[in-house]
Amino acid sequence: MALRVLGLTAPSKKPQPWWWGVVALLALFVFTIPLYLDVAELYSISNFLVLAILALSMSFLWGYGGMLSFGQTAFFGLGGYTYAVLALNTGETTSALLIAVLLPMIFAAILGYFMIYGRISDIYFSVITLVVTLILEKGIRATSGDQYVIGSVRLNGQNGIPTTPSLQLPWDAKAQLDIADVFYVAAGLLFVTYIGLRLLLLTRFGRILVSIKENERRSELLGYDTRRYKWLAFVIAGGIAGLAGAMWGIWGNFVGPNMFNLNQAAQVVIWVIVGGKSTLIGPIGGTVAVQYLTDWLGTQGVGQVSLILGIILMVMVLLFQQGLLPSAGIIAAFAKDRLGLTRRGRAS
Amino acid sequence: MSEDVVLETRDLEKRFGGVRAIAGVSFKLRRGELRCLIGPNGAGKSTFFKMLTAQLRPTAGQILFEGADITKLHAHQIGRLGIGIKNQVPDVYDGLTVHENLWLAASAEAKPTAARAKVDEVMARLELGPLAERLVGELAHGQRQWVEFGMVTAREPKIILLDEPTAGMSVEETNRTAQLILEANKSATIVVVEHDMQFIRQIARYVTVFHQGAILAEDTMANIQANQTVKDVYLGKSGSA
Ligand SMILES: Nc1ncnc2c1ncn2[C@@H]1O[C@H](COP(=O)(O)OP(=O)(O)O)[C@@H](O)[C@H]1O
Ligand SMILES: [Mg+2]
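Residues numbered from 1 in each chain as written. Chains lettered and ligands numbered in written order. Predicted model: local features only at pLDDT ≥ 70, side-chain atom pairs only at ≥ 80, totals over all residues. Heavy atoms only, no water.

## So, the coordination of the magnesium ion (ligand 2)
Residue and element names in this part refer to chain B.
Point 1. Donor atoms from the polypeptide that bind the magnesium ion (ligand 2) are S46 (OG) and Q88 (OE1), placed at 2.1 Å. One end of the pair, S46, is in helix α1 (residues 45-52); the other, Q88, is in the loop between β6 (83-86) and α3 (98-107), with 42 residues separating them in the sequence.
Point 2. The partly exposed category is assigned to Q88, whose relative accessible area is 36%. (Donors = N, O, S within 2.8 Å, 3.2 Å for Na, K, Ca; no water. Helix = DSSP H or I, 4+ residues; strand = E, 2+ residues; numbered from the N terminus. Buried < 20%, exposed > 50% of the residue type's maximum accessible area, 1.4 Å probe, protein only.)

## A closer look at the pairing of strand β2 (residues 19-30) of chain B
Side-chain positions along a regular strand alternate between the two faces of the sheet.
All names here are of chain B.
Point 1. Where strand β1 (residues 5-16) and β2 come together, nine bridges link them in antiparallel fashion. Within the sheet, the bridge partner assigned to V5 lies in β2 and is R30.
Point 2. Adjacent in sequence and paired antiparallel, β1 and β2 are bridged by two residues, among which G17 carries a positive phi angle near 60°. (Pairing = 2+ DSSP bridges.)

## Focus on helix α6 (residues 171-184) of chain B
Residue and element names in this part refer to chain B.
Point 1. Compared with the 20 Å implied by 1.5 Å per residue over 14 residues, the 20 Å span of α6 between its first and last C-alpha is a close match.
Point 2. Of the positions making up α6, those classed as buried are T174, T177, A178, L180, I181 and A184. Mapping the buried residues of α6 onto a view down its axis gives an arc of 165°, with all of them on the same face. Turned more than 90 degrees away from the buried face of α6 sit V171, E172 and Q179, all of them exposed.
Point 3. In this structure, the buried residues of α6 make contact with β3 (34-38), α4 (112-125), α5 (141-154), β7 (159-163), β8 (189-193) and α7 (197-203). (Expected span 1.5 Å × (residues − 1). Arc of directions from axis to C-beta. Contact = heavy atoms within 4.5 Å.)

## Quick notes on the pattern of salt bridges
Close approach of charged atoms allows side chains with opposite charge to pair.
Residue and element names in this part refer to chain B.
Point 1. Inspection of every chain in the model, using the stated rule, returns 26 salt bridges over all chains.
Point 2. As a salt-bridge pair, K158 and E66 come within 3.6 Å of each other at their nearest N and O atoms. Taken together, the residues K158 in the loop between α5 and β7 and E66 in the loop between β4 (60-65) and β5 (68-69) connect sequence positions 92 residues apart.
Point 3. When its relative accessible area of 39% is taken as the criterion, K158 is described as partly exposed.
Point 4. Among the charged side chains, a salt-bridge network with shared partners connects D4, R31, E66 and K158. (Salt bridge = Lys/Arg side-chain N within 4 Å of Asp/Glu carboxyl O.)

## What about helix α2 (residues 17-36) of chain A?
Residue pairs spaced three or four apart in an α-helix point in one direction, given the helix's 3.6 residues per turn.
Point 1. Spanning 20 residues, α2 of chain A covers 30 Å between terminal C-alpha atoms, matching the ideal 28 Å at 1.5 Å per step.
Point 2. Looking at the buried side of α2 of chain A, the elements it contacts are α3 (39-64) and α7 (179-200) of chain A.

## Thoughts on the environment of S95 of chain A
Point 1. In this fold, S95 of chain A is placed in helix α5 (residues 94-117).
Point 2. Put simply, S95 of chain A and G286 of chain A are 191 residues apart on the chain and 31 Å apart in space, counted from C-alpha to C-alpha.

## Notes on the confidence of the model for chain B
Point 1. Counting all residues, the mean pLDDT for chain B is 90, and 96% of those residues have values of 70 or more.
Point 2. Scored by ipTM, the complex comes to 0.92, with pTM at 0.90. (pLDDT = per-residue confidence, 0-100.)

## Some words on a nonpolar patch on the surface
Point 1. A surface patch of nonpolar side chains, about 720 Å² in accessible area, is lined by L98, I99, L103, I106, I110, Y113 and F114 of chain A.
Point 2. You can see I106 of chain A is positioned in helix α5. (Patch = residues over 30% accessible without salt bridge, like charges linked within 9 Å, V, L, I, M, F, W, Y side chains within 5 Å. Areas by Shrake-Rupley, 256 points an atom, 1.4 Å probe, with all protein chains shown as cover.)

## Brief notes about the packing of aromatic side chains
Point 1. Evaluated as defined, the whole model comprises 18 aromatic pairs over all chains.
Point 2. For the ring pair F75 of chain A and F234 of chain A, a centre distance of 5.6 Å and an interplane angle of 85° mean the geometry is edge-to-face. One end of the pair, F75 of chain A, is in helix α4 (residues 72-90); the other, F234 of chain A, is in helix α10 (residues 226-252), with 159 residues separating them in the sequence. F234 of chain A matches F75 of chain A in its accessibility class, with the two residues each being buried.
Point 3. Where F76 of chain A meets W248 of chain A, the ring centres are 6.0 Å apart and the plane angle is 55°; that geometry is what we call tilted. Residue F76 of chain A is located in helix α4, and its partner W248 of chain A is located in helix α10; the two are separated by 172 residues in the primary sequence.
Point 4. The exposure class of F76 of chain A is buried, given its relative accessible area of 1%.
Point 5. Residue classification places W248 of chain A among the buried positions, given a relative accessible area of 18%.
Point 6. The rings of F31, F183, Y184 and F191 of chain A are connected pair by pair, giving a single aromatic cluster.
Point 7. One residue, R30 of chain B, lies across the ring of Y206 of chain B, its end atom 5.5 Å from the ring centre. (Phe/Tyr/Trp six-rings, centres within 6.5 Å; stacked < 30°, edge-to-face > 60°. Lys NZ or Arg CZ within 6 Å of the ring centre and 35° of its normal.)

## Things to note about a positive patch on the surface
Point 1. Residues R204 and R228 of chain A together with R80 and K111 of chain B make up a contiguous surface patch of positive charge.
Point 2. Position of R204 of chain A among the secondary structure elements: in helix α8 (residues 204-214).
Point 3. For R204 of chain A, a relative accessible area of 38% puts it in the partly exposed group. (Lys, Arg positive; Asp, Glu negative; His and termini not counted. Charge placed at Lys NZ, Arg CZ, Asp CG, Glu CD.)

## Observations regarding the packing of α3 of chain A against α8 of chain A
A pair of packed helices is captured by two measures, namely the crossing angle of their axes and the spacing between those axes.
Residue and element names in this part refer to chain A.
Point 1. At their nearest, the axes of α3 and α8 sit 8 Å apart, and the two run at 60° to each other. Judged by the angle between their axes, α3 and α8 are oblique. Contacts from F60, W62, G63 and Y64 in α3 reach L209, V210 and K213 in α8. (Axes fitted to C-alpha atoms, helices over the stretch in contact; angles between N-to-C directions. Parallel < 35°, antiparallel > 145°, perpendicular 65-115°, else oblique.)

## Comments concerning the side chain of S46 of chain B
Point 1. A polar side-chain atom of S46 of chain B sits 2.7 Å from a polar atom in the side chain of Q88 of chain B.
Point 2. When neighbours within four sequence positions are excluded, S46 of chain B is seen to be in contact with Q88 and D163 of chain B. (Polar contact = N/O pair within 3.5 Å; in protein donor to acceptor, adjacent residues only side chain to side chain.)

## Some points on the site of ligand 1
Residues and elements named next belong to chain B.
Point 1. In the region of ligand 1, the neighbouring residues are F16, A21, P40, N41, G42, A43, G44, K45, S46 and T47.
Point 2. Within the backbone of A43, a nitrogen or oxygen atom sits 3.3 Å from an oxygen atom of ligand 1.
Point 3. Within the contact set of ligand 1, an oxygen atom lies 2.8 Å away from a backbone nitrogen or oxygen of K45.
Point 4. Across the complex, the protein chains shield 59% of the 570 Å² of accessible surface that ligand 1 would expose by itself.
Point 5. The biggest single contributor to the shell around ligand 1 is α1, with three residues. (Near = heavy atom within 4 Å.)

## Some details on the confidence of the model for chain A
Point 1. When pLDDT is averaged across chain A, the result is 88; 94% of the residues are at 70 or more.
Point 2. pLDDT under 50 marks residues 342-348 of chain A. Its contacts with residues more than four places away, or in other chains, come to 10 contacts.

## Re the interface of chain A and chain B
Point 1. Tallying the contact residues gives 25 residues for chain A and 33 residues for chain B.
Point 2. For the chain A and chain B pair, buried surface summed over both sides reaches about 2,600 Å², with 47% attributable to carbon and sulfur atoms.
Point 3. Residues E148 of chain B and R218 of chain A are paired through a salt bridge, measuring 2.6 Å at the closest nitrogen-oxygen approach.
Point 4. Here chain A and chain B share 14 residue pairs in polar contact (both at pLDDT 80 or more) between them.
Point 5. Every element with two or more residues in the side of chain A that touches chain B is listed here: α8 and α9 (216-222) of chain A. (Buried area = accessible area lost by both parts, 1.4 Å probe.)

The following block contains the structure:
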């Protein structure tokens, strides 16, 4: 309801024509950022954009598939490590990036098969995904010895892989992307992921997925094998998180066990809650806002960044249960109603 | 009467802990029937329906659809075979529009073009056109029941199970629902659970009476109304009201 006031249509509806206009304008805005910001600022914004891809993976799964995976960081970290290990071994980054999407998808397919086809409850789904990412973190941390080598690459345990190479042009291994280039790639991938998911939700698959979130039993009784749809959504989300992980490695020339840790896993949930899971664009904004705040608090020497973020999350959950963007919609709807602008202003 | 049995249960049983909610039901439904299932609250009618649609697993016994054992199938497989159900508690997509609800139902079986045509047809039949873009959660109770009824029929099932389809409806709405059920019966076998005797008289030819998880009687409506045992456990109370 509230979203309609902002002109945000239900996920299964075709976006209104002006939506494409807004997306194009946003793209234009983002792609011109390098013209007037310096390299340091570009560098930190690239980080936000990459993390926003990770937020999209959870937002899609939770907001539209009804599955709260607390451990999308498992695929994020896996994507990062896959990219680093492959790129360093082969000296070729395009295929490394591709496989960094595929491998997390395969992992998600196996993990998802047991969870979703095993029909575990929602709570267990959240707990197991969290446990998986924490186990991976522990596992990676334990690889500090010389014996933990994949090909020619040492996993380095705690220390991660600080030599993770930047992306090269597919046709020219000598041409390494610089900070501004990485910014363009990150922004491009974020837009592609966003638009891709938005369009995916318009397909038969997307509409059925949303129906399962709305009322799984009804979808089953109609004859849909809901497990198949949920499983596919989980695999897709795993791939997106893997992509984000690889891009994060490319952005910072580093991958490490912290990509999997509890702090990182909780951050993803916070971005999505702050942005509101009923839209895809909300969590992108949530990520940028929260990360910007995190960085800013860091530079202010507050020292208690996590505490302040925790308080913000609590306030968000208590005050704006739907998240920022949908709450803005609710307020707009209320104002419109008060001003007598809506004719059909009846409550149910 | 011809014995084209479309659905059959053999000694079906369901225990909840120590309670035998369904205590050995052997039931036969002939193709094309419009059967009414009545019985006091707690008799096990909803539990029986849920077992037929794999929402609950039977503790013992068998369910056969067109002669094949379907006892162990999943709910979605039951749906695909062509058994549709409206549960007692409305089971719709409250957060989606009326059109989307019907589209999801129609698309489960039909190809895209056929599904769209089916949605239009169901909306016309149920006079839901003006509500097409409304969220189902915003609708009045009776309208939501019709949306669900529409969803069940849009799927074009061979058997339709309706658990208290007129609960909370006005007399006028109830009459209309009776018409819709009779209409749907032209192409599907139907079982209706109801309490409203007036309504049952309107539609039923054959009635099964449940009592304490077992079939107490099964006969024509006229004979059921004359049956002293049935009167004692059930009709005596709500029939006179
Ligand atoms: N999920 C359940 N757990 C335990 N007992 C149940 C459950 N569902 C139904 N029952 C019991 O089974 C009996 C039959 O219930 P139900 O099938 O709903 O009856 P009806 O639909 O005829 O009113 C009742 O005694 C009820 O309390
Ligand atoms: Mg009941």
